[in-house]
Amino acid sequence: MTMATKVEEAGFRPASRIAAIGVSKILQIGARANQMKREGHPVIILGAGEPDFDTPDNIKEAAKAAIDRGETKYTALDGTPELKKAVAEKFRRENGVDYALDEITIATGAKQILFNAFMASIDPGDEVIIPTPYWTSYSDIVEICGGVPVLVPCAAAAGFRLKAEQLEKAITPRTRWLLLNSPSNPSGTAYGEADYRPLLDVLLRHPHVWLMVDDMYEHIVYDGFRFVTPAAIEPRLRERTLTINGVSKAYAMTGWRIGYAGGPKAVIKAMAVIQSQATSCPSSVSQAASVEALNGPQGFLKERQESFRQRRDLVVAALNAIPGIDCRTPEGAFYTFAGCAGLIGKKTPSGKVIETDADFTDYLLQEAHVAVVPGSAFGLSPFFRISYATSEAELKEALQRIAQACARLA
Ligand SMILES: Cc1ncc(COP(=O)(O)O)c(C=O)c1O
């Protein structure tokens, strides 16, 4: 008997706070693709949200040394002083923002940072403005915390960026946060200073709205794009801005689970209350490794960025060569978010009409054995996301199969 049937037989009643939240579409697709692989189909999965590189050796060595020194116990609740110092130095060096140590928090991944922040600040019915397409965890976490995600669709023609007029219209007396993510998962869109400026001007006029920014993909930007973070652009908003980042993507450390944030002392303190009863502290060994990640050599970041850029160019060019698919060139991250409007209404060889982007990605999985994620999973259709954090050979093969499958649509 499986665990699931046992739970059902015991009459398990899920809490209402998770009623609206299903298992993420990304995980569902991954599970189906893996099942097909086990059945012997040559499936290529372009769904993973993590770099295919390994964690650099100096970081692994730092972790081993921490274990040998006996740093295997609980640490300070929201981060060791050493890691907080490294984070403060990082914010100063790379972003031009000064945070004192009590304005910094460390957690088990940026995901826990988001969770702590929303748990600590949202009352039932409070609203969080999230531009779409968006990373689905944002709205799910807001809902778990009793909040209301206010999703604002951002057009491909606008580079998937939120416009000032849209923000102004979305703000209500219940708005607590605007949540921005640059470079974005899933669109790869990044906000330059000129893109941020009009949005920050709107926020200056609405002092009850706080700004949460997720800078997770800061180090994966292309073509000389100049990364900026809002707390550096507009010091008048610093006192209501939470700047989130982490080591997962830049340092290929997704499994180490360390994220961090800088923000006003009051919110950092409130977040520690949540963390104290959730995890007590982040992993001691992973924090030691993250000190080395932030303080150690940074040269490999540029090399990896260049490798991602080559793959981005390969994917964008191959997608745009397929009639019916339209892909803008993203400024960062390792995702493309291509439009498939030109394929909607077409018929598959077995006679099924492609009515949605999910129909299209189902078709790709079934016919081309390539797993990608439909735009509907990120709140904007008809699009599909490719994660190109995989080998060039695999990407070439996958894109060839996608092109052939599209050519078979009538
Ligand atoms: C935009 C964005 N923020 C945060 C995260 C999560 O990062 P972490 O591994 O630090 O929890 C992800 C992971 O996919 C992401 O895409």
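To keep things clear, this report deals only with the structure shown in the data block. Model, not experiment: these values are computed from the prediction.

**Some words on helix H6 (residues 137-144)**
Taken as a whole, H6 has its buried residues at Tyr138, Ser139, Ile141 and Val142. For H6, the buried positions fall inside an angular range of 165 degrees around the axis, keeping them on one side. Packing partners of the buried residues in H6 comprise helix H5 (110-121), strand E3 (127-132), strand E4 (148-153) and strand E5 (175-181). Positive phi appears at Gly146, one or two residues downstream of H6, with a value of about 90 degrees.

**Considering the packing of helix H3 (residues 57-68) against helix H11 (residues 284-295)**
Direction vectors running N to C along H3 and H11 enclose 140 degrees, while the axes themselves pass 8 Å from each other. The angle between H3 and H11 falls in the class oblique. Every pair of crossing elements has a handedness; the one defined by H3 and H11 is right-handed. Counting all contacts with H3, which are made through Asn58, Ile59, Ala62, Ala63, Ala66 and Ile67, the residues of H11 involved are Ser284, Val285, Ala288, Ala289, Val291, Glu292 and Ala293. Across the contact of H3 with H11, the residue classes tally to 10 nonpolar, two polar and one charged.

**Description of the site of the ligand**
Every one of the 13 residues lining the ligand counts as a neighbour, but Gly109, Ala110, Lys111, Asn185 and Ser248 are closest to it. For the shell around the ligand, a count of residues per class yields three nonpolar, eight polar and two charged.

**Here we look at the environment of Ala261**
Turning to its location among the elements, Ala261 is positioned in strand E8 (residues 259-262). You can call Ala261 buried: it has 30 C-beta atoms within 10 Å. When the C-alpha positions of Ala261 and Phe91 are compared, they lie 9.7 Å apart, and in sequence the two are 170 residues distant. Apart from the residues lying within four places of it in its own chain, the contact partners of Ala261 are Thr105, Ile113, Leu242, Thr243 and Ile244.

**What to know about the sheet that holds strand E7 (residues 241-246)**
Taken in spatial order, the seven strands make up an open sheet running E2-E8-E7-E6-E5-E3-E4, and their pairing is mixed. At either end of the open sheet lies a strand with only one pairing partner, and these are strand E2 (104-107) and E4. Taking each pair of neighbouring strands and ignoring which way they run, the sheet shows an average axis angle of 20 degrees.

**What to know about the nonpolar core**
Grouped together as the largest cluster of nonpolar side chains are 121 residues, with contacts concentrated most on Phe118, Leu178, Leu179, Met212, Leu364, Val370 and Ile402. When residues of this core are assigned to their parent elements, the largest contribution, seven residues, is made by H5. In this structure, this core is formed jointly by two domains, domain 1 (3-53 + 300-407) and domain 2 (73-295), each of which donates at least three residues. In contact with Leu178, not counting residues within four places along its chain, are Ile129, Leu167, Leu203, Val209 and Leu211.

The rules behind these values
Residues numbered from 1 in each chain as written. Predicted model: local features only at pLDDT ≥ 70, side-chain atom pairs only at ≥ 80, totals over all residues. Buried ≥ 20, exposed ≤ 12 C-beta atoms within 10 Å, placed from the backbone. Helix = DSSP H or I, 4+ residues; strand = E, 2+ residues; numbered from the N terminus. Arc of directions from axis to C-beta. Contact = placed C-beta atoms within 7 Å. Axes fitted to C-alpha atoms, helices over the stretch in contact; angles between N-to-C directions. Parallel < 35°, antiparallel > 145°, perpendicular 65-115°, else oblique. Left-handed = near helix turned anticlockwise from the far one by under 90°. Nonpolar A, V, L, I, M, F, W, Y, C, P; charged D, E, K, R; others polar. Near = placed C-beta within 6 Å. Pairing = 2+ DSSP bridges. Core = buried A, V, L, I, M, F, W, Y, C linked by C-beta atoms within 7 Å. Domains from an automatic or database assignment.

Coordinates in, geometry out; function isn't part of it.
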